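Chain by chain, the residues:
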Amino acid sequence: MLTGPGWSKKLRDEIGQAVIGQDNIVERLLVALLSNGHVLLEGMPGLAKTLLVRSLGTALGVKFERIQFTPDLLPSDVVGTMIFQPKTGEFRPHLGPIFANLVLADEINRAPAKVQSALLEAMQERQVTVGGQTNPLPKPFFVMATQNPIEQEGTYPLPEAQTDRFLFKLIVNYPRAEEEAAMMLRWGQVTRQPGLNAVSSGEELLALRSEVDQIHVAQPVQNYILAVVRATRALADGPMPAASGAKRRLNYGASPRASLALYQAGRALAWLRGQNFVGPALIQELAPDVLRHRIGLTYEAEAENLTADRIVAQVIEQTPVPAL
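In what follows, the accompanying structure is described.

As for the nonpolar core
Point 1. Within the largest apolar cluster, 70 residues are counted, with the highest numbers of intra-cluster contacts made by W7, L33, L34 and F168.
Point 2. What F168 contacts, discounting residues up to four positions off in sequence, is R28, V31, A32, H38, V39, L40, A265, L286, D289, V290 and H293.
Point 3. I67, F69, A100 and I108 belong to the second-largest nonpolar core, a separate cluster that totals 26 residues.

This is the structure we're talking about:
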């Protein structure tokens, strides 16, 4: 029987032939695969976000499609359209690139609202309507999107309803010095390009989810998840009393999807690491990736240079940890 660490190692070793470093990001992507969740990757240009997702699709052995989002992109460019067939005199659906197992939405914040709404149905319902006909998407199905945090011109902020449908928002940072040196040694020759093989499959991934479902989540840990998520809502509930001098930090807290995300991702991470139960430490580790895009900072919080990660850290620090 394939174990979590064994499955993780064979995928990470294969991806590591093309992508050096980013070990934590790769682990989170594997957690998302096991949790049936979408991922939003944010980072500066040149940090191999696109290469990472493409390498994951190759190593997993699933159908991969990349969609470059631009301001002039149309919904039909994503989901498809009806094409007239002169020989038969009928319209037949031409399915778009969204009909793949792993879809990379590159620079997702460059597309206008119409395209985002078309993508929203695919992400949530895992189906697409073309020409009045509903077409189910293949299984497994994931959207992994990238966005550049410094680009402002020609971009459209993602609506809260869409960001909430991403299991994780992952921050891709610069590599360490030794990792960047290894990149130069390995890829300094322009004639050498990474070539990867499929070491898993979509069928194997779907089968492994039944193993993840066996991971135990004790009632105190379930209560802890709820306490963390609901604490973000308490920060957004109504103005603080004037006498207290405190300021409201959040406009809104995390939705119930955050509770489900912590529960499901906690199970998947425990399985990947060879554990048979979810402890509070795993929830604390996952909380920033699950919550940073699900809370809205107030103007006062931004004026004080507070970030979503700092707010989440404060919530974790102030929420009592259950004894198991």
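Notes on unusual backbone geometry
Point 1. The peptide bond linking K139 to P140 adopts the cis configuration, its omega dihedral lying at -5 degrees.
Point 2. By the element assignment, P140 lies in the loop between β7 (133-136) and β8 (142-147).
Point 3. Unlike most non-glycine residues, E107 shows phi in positive territory, near 55 degrees.
Point 4. Counting through the fold element by element, E107 comes out in the loop between β5 (102-106) and α5 (113-125).
Point 5. Residues other than glycine seldom take positive phi values, yet N305 does so here, at roughly 60 degrees.
Point 6. Residue N305 is classed as exposed on the basis of its relative accessible area of 60%.

As for the pattern of salt bridges
Point 1. Counting across every chain of the model gives 18 salt bridges.
Point 2. Among the ionic pairs, K10 bridges to E204, the shortest N-O distance being 3.2 Å. Of this pair, K10 sits in helix α1 (residues 4-15) while E204 sits in helix α8 (residues 202-212), placing them 194 residues apart in sequence.
Point 3. The partly exposed category is assigned to E204, whose relative accessible area is 24%.
Point 4. Between R273 and E27 there is a salt bridge; the shortest N-O distance is 2.9 Å. Taken together, the residues R273 in the loop between α10 (256-272) and α11 (280-291) and E27 in helix α2 (residues 23-35) connect sequence positions 246 residues apart.
Point 5. Residue R273 is classed as partly exposed on the basis of its relative accessible area of 32%.
Point 6. According to the relative accessible area criterion, E27 is buried, its value standing at 10%.
Point 7. Salt bridges here are not isolated pairs; linked through shared partners, they connect R12, E27, R28, R273, E285, D289, R292 and D309.

Parameters and conventions
- All residue numbers here refer to positions counted from 1 along the written sequence of the relevant chain.
- Only residues with pLDDT of at least 70 are given local features in this predicted model, and only at 80 or more are side-chain atom pairs given and counted; all residues enter the totals for whole chains, interfaces and linings.
- Excluding hydrogens and water, the side-chain values take into account all heavy atoms of the structure.
- Only buried residues count toward a nonpolar core. Its members are Ala, Val, Leu, Ile, Met, Phe, Trp, Tyr and Cys residues joined through side-chain atoms within 4.5 Å.
- Relative accessible area decides the class of each residue, using a 1.4 Å probe on protein chains only: under 20% of the type maximum gives buried, over 50% gives exposed, and in between gives partly exposed.
- Here a residue-residue contact requires only that any non-hydrogen atoms of the pair lie within 4.5 Å.
- Under the DSSP-based scheme used, a helix requires at least four consecutive residues in state H or I and a strand at least two consecutive residues in state E, with every element numbered from the N terminus.
- Only one rule defines a salt bridge in this text: a Lys or Arg side-chain nitrogen within 4 Å of an Asp or Glu carboxyl oxygen.

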